[in-house]
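Each chain, letter by letter, is given below.
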Amino acid sequence: MALTEAATKPVTQRGDRIFSGLSLSAGLLILALLASVAIFLTIEAIPGVTASPEDAKNLDGGNFWQYVWPLVYGTLFASIIALIIATPLAISVALFISHYASRRLGQAIGYLIDLLAAVPSVVFGLWGIAYLAGELAPLYKWLTINLGWIPFFNTTPAGTSYALSATGRTILTAGIVLAIMVVPIITAICREIFIQTPRLHQEAALALGATRWEMIRMTVFPYARSGIIGATMLGLGRALGETMAVAMVLSASGVVSVRLLSSTNPSTIPANIALGIKEGSGLNINILIASGLVLFVITFVVNFAARAVVNRRKEFSGAN
Amino acid sequence: MSIQAPPRPAAPPLSNSNSNSLTANQLPLWAPKATVAGAIVLVAGLHFVIGMGLVGAVLIGWLAAIVALPLWSLLVEGSRKATDRLAGVLIASAFALALIPLVSIVWKVLDEGASALSAEFFTFSMRNVLGDGGGIYHALVGTLLITFGASVISIPIGLFTSIYLVEYGQDNRLARWITFLVDVMTGIPSIVAGLFAYALFAVFFGPGVRMGLGGSVALSVLMIPVVVRSCEEMIKLVPNELREASYALGVPKWRTILKIVLPTALAGIVTGVTLAIARVIGETAPLLLIAGSTASVNFNMFGGRMQTLPVFAFSQQSSPGAFPDAALERAWGAALVLMLIVMVLNLIARIISFLFSPKGE
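Here the structure is a predicted model, which means the values were calculated and not measured. (Residues numbered from 1 in each chain as written. Chains lettered and ligands numbered in written order. Predicted model: local features only at pLDDT ≥ 70, side-chain atom pairs only at ≥ 80, totals over all residues.)

1. Topic: the overall build of chain B
Within chain B one finds 13 helices and zero strands. Secondary structure elements in chain B, listed N-terminal to C-terminal, are α-α-α-α-α-α-α-α-α-α-α-α-α. Overall, the C-alpha framework of chain B stretches about 90 × 70 × 35 Å when taken along its three principal axes. With 361 residues in all, chain B has 44% of them scored as buried. Look at the contacts in chain B between residues 6 or more apart in sequence, and 70% of them connect residues 24 or more apart. (Helix = DSSP H or I, 4+ residues; strand = E, 2+ residues; numbered from the N terminus. Buried ≥ 20, exposed ≤ 12 C-beta atoms within 10 Å, placed from the backbone. Contact = placed C-beta atoms within 7 Å.)

Following this line, the structure appears as structure tokens:
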């Protein structure tokens, strides 16, 4: 059937042209979409960046950069807390799957971790505020009493501005929830890379009498180093942009501070947008969009760099 | 580990009671299990006999285990083996630690959400509801419509792009750029996608616009890269021999793709699309911005606010009104329904890929 239709030459050529044209335009449409994300955000952001303090009450007397700086700080701070918790955990879980568990058990665990990645962020937020924060509050009290001499755990007496949070809704809680959310991402990528470690390297190490841990340190980690860095940066990208979990868990007031346990916490860009858009109007919305553009630029750079690192690894891994 | 040396008649007498020279200076195979069992006994003792809190007891039991096994190993096997044992214990406990939140979330959502589910919960909206009662009907309608809209936009674009990348692009410069930018697009924060949709619609409809279609556009930005990636992987898996056999019969390229490549990859494509839907159906932030929140049912994608399940859960929790207990219960109920939808979609995807993937030959 296909043969007879193919024999009528002009029709098939037109079909081919249409089909390849459709495919090409779909590809170009994606590029256009990415460009238009940048363009439309910029169009709506410009009035926000140039807004004068008299026109927009959100700015609180300063200019746009003074407004956005504490938010950038809070975003980075929460994400870095999340990464400090998540990276060792994710690498360990990935190692457990790839080098410790049996193949069948490893697959089952991998499925469980993927399940964790599928949980919607609003569920994480609900769990964080209605359960986790309350559970962590006594621990925070213990930390600040016993380790209060460390600046991170320091809180001032009750009633003053950096008092211990009674609800547990601190930046550390937000960081922990973020960590739980990025663990599946980092684990998935690390697992893939660990599994690809050349078998001969591993067996050679074992044959020379290395223990399993020495084998992992001598063959798996050097091979996977750039992959681990890339995976961590992708996790960072996710943590930077995560909105709802932070918006729900964190009790924010937009300060710049390193205190992890106080009731006065830095806010993050996405949480600030999500919470501000409801009451916002006019120029305030433009300011929020401008802060979103700042976030877009930060995550774009992080993801760009991460992909470049991961892709570079792809090239020389073929040489093994 | 379990190598058994052949018995040697002339084995020299060792100081160790173990007479086998190959297994001398080694912990018995049951050592890790014995340590874990000892730790469990310790935890049970602390918790039930002394009456310590469960968290503290588990923490002490765990500390005892990670000290005891390497120490035992250090005394018998030497420092290298002890380091190995320590690393093993730490990695296993990291894995256990990572499972705790998963179990806790699932248990908590089931526990708190199950009591909210009722016939009324699924068939009523929140219109004129103040205290108990009310439901998620309007949110279900919104979620289904907006996700459907996003799928209608994303699936053709994503599928055709992946066809271009595999069949037409042939790794040229444009194809490489598209692949790279699609990868980068996967990392766009969901709130930025929402802001994009908001900015786009604000330019055309004026500021303060809220409509369901905007939600679909925002979700498409998040969904397209996922669809492209999974479809590309699946189309790549189709053996070249099938394409060449088709060309050899004189079938033009587009019909080869349509009749040979796509049907072969269909199961994988459907699986990938289902997973992409599962990923965006739980998105909250973009819908909060552009679709807004309302108490009433709205079937019109092109006008007015539209409630969705994730936004419903968020708004019930964050602005509970005069009856916070009832609102929080509804939030947990909505979270449970949302989780169930995501899990069912994941399950469907796995079943499809299991049933329809090409087998053998």
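2. What to know about the overall build of chain A
Scanning chain A for helices and strands turns up 11 helices and zero strands. When the helices and strands of chain A are listed from N to C terminus, the series reads α-α-α-α-α-α-α-α-α-α-α. Relative to the 2.2 N^0.38 estimate, which gives 20 Å for 320 residues, the radius of gyration of chain A is 25 Å and therefore markedly larger than a compact globule would have. Overall size of chain A, expressed as C-alpha extent along the three principal axes, is 80 × 65 × 30 Å. Across the 320 residues in chain A, those meeting the buried criterion constitute 48%. Here the analysis covers contacts within chain A between residues at least 6 apart in sequence; of these, 79% occur between residues at least 24 apart. (Rg over C-alpha atoms; globule rule 2.2 N^0.38 Å.)

3. Let's talk about the interface of chain A and chain B
Contact with chain A, which involves 70 residues of that partner, is made by 74 residues of chain B. With 20 residues, helix α2 (residues 9-49) of chain A is the largest single contributor of residues to the side of chain A that touches chain B. Taken together, the residues that form the side of chain A that touches chain B break down as 51 nonpolar, 14 polar and five charged. (Nonpolar A, V, L, I, M, F, W, Y, C, P; charged D, E, K, R; others polar.)

4. Examining the environment of Pro-184 of chain A
All names here are of chain A. Looking at where Pro-184 falls in the secondary structure, it is placed in helix α6 (residues 171-195). Sequence-wise, Pro-184 and Ala-117 are 67 residues apart; in three dimensions their C-alpha atoms are separated by 5.5 Å. If near-sequence neighbours (up to four positions away) are discounted, Pro-184 is found in contact with Ile-113, Asp-114, Leu-116 and Ala-117.

5. Things to note about the nonpolar core
Among the nonpolar cores identified, the biggest contains 196 residues, and Val-123, Leu-178 and Cys-190 of chain A together with Phe-196 and Ala-335 of chain B are the most heavily contacted of them. Broken down by element, this core gets its largest block of residues, 18 residues, from helix α3 (residues 64-100) of chain A. With residues near it in sequence (within four places) discarded, Val-123 of chain A still touches Ile-105, Val-109, Ala-335, Leu-338 and Met-339 of chain B. (Core = buried A, V, L, I, M, F, W, Y, C linked by C-beta atoms within 7 Å.)

6. Concerning the packing of helix α12 (residues 309-318) of chain B against helix α13 (residues 324-356) of chain B
Residues and elements named next belong to chain B. For the pair α12 and α13, the least separation of the axes is 8 Å and the interaxial angle reads 155°. Viewed along their axes, α12 and α13 adopt a mutual orientation that is roughly antiparallel. Where α12 crosses over α13, the two elements pack in a sense that is left-handed. Taking contact as the criterion, the partners of Leu-309, Pro-310, Phe-312, Ala-313, Gln-316 and Gln-317 in α12 are, on α13, Ala-327, Leu-328, Arg-330, Ala-331, Ala-334, Ala-335, Val-337 and Leu-338. The residue makeup of the contact of α12 with α13, split by class, is 11 nonpolar, two polar and one charged. (Axes fitted to C-alpha atoms, helices over the stretch in contact; angles between N-to-C directions. Parallel < 35°, antiparallel > 145°, perpendicular 65-115°, else oblique. Left-handed = near helix turned anticlockwise from the far one by under 90°.)

7. Section: helix α10 (residues 253-281) of chain B
Over its 29 residues, α10 of chain B extends only 35 Å from the first C-alpha to the last, a length that falls short of the 42 Å expected when each residue adds 1.5 Å. The principal kink in α10 of chain B, of about 60°, is found at Leu-266 of chain B. (Expected span 1.5 Å × (residues − 1). Bend = angle between axes of the 7 residues up to and from the residue.)

8. Some details on the confidence of the model for chain A
Residues and elements named next belong to chain A. Mean pLDDT over chain A stands at 85; residues scoring 70 or higher make up 92%. Across chain A, element-level confidence peaks in helix α7 (residues 199-207) with a mean pLDDT of 93 and bottoms out in helix α1 (residues 2-7) with 49. In this model residues 5-11 is a low-confidence stretch, pLDDT under 50, and it forms four contacts with partners more than four residues away in sequence or in other chains. (pLDDT = per-residue confidence, 0-100.)

9. Topic: the packing of helix α5 (residues 137-169) of chain B against helix α8 (residues 212-237) of chain B
Residues and elements named next belong to chain B. Relative to each other, α5 and α8 sit at 35°, their axes nearing to 6 Å. Of the two elements, α5 crosses α8, and the hand of that crossing is right-handed. Looking at the contact of α5 with α8 residue by residue, the classes come out as 19 nonpolar, 11 polar and two charged.

10. Some details on the domain arrangement of chain B
By a frequent convention, interface size equals the accessible area lost on bringing the separate parts together. Residue and element names in this part refer to chain B. Assigned domains of chain B: these are domain 1 (31-115) and domain 2 (122-356). One C-alpha centre belongs to domain 1, the other to domain 2, and the line joining them spans 40 Å. In this complex, domain 1 contributes six residues to the contact, which on the side of domain 2 involves six residues. Per-class residue counts for the side of domain 1 that touches domain 2 are three nonpolar, two polar and one charged. (Domains from an automatic or database assignment.)

11. Observations regarding the confidence of the model for chain B
Residue and element names in this part refer to chain B. For chain B, the average pLDDT comes to 85, and 92% of its residues sit at 70 or higher. The low-confidence segment residues 11-17 (pLDDT under 50) makes seven contacts with residues lying over four places distant or belonging to another chain. Of the two predicted TM-score estimates for the complex, the pTM is 0.86 and the ipTM is 0.85.

12. Remarks on the environment of Ala-335 of chain B
Mapped onto the secondary structure, Ala-335 of chain B falls in helix α13. Ala-335 of chain B sits 245 residues away from Leu-90 of chain B along the chain, and the two C-alpha atoms are 34 Å apart. Ignoring any residue separated from it by four or fewer positions in sequence, one finds Ala-335 of chain B in contact with Val-122, Val-123 and Leu-126 of chain A together with Val-109, Gly-113 and Ala-313 of chain B.

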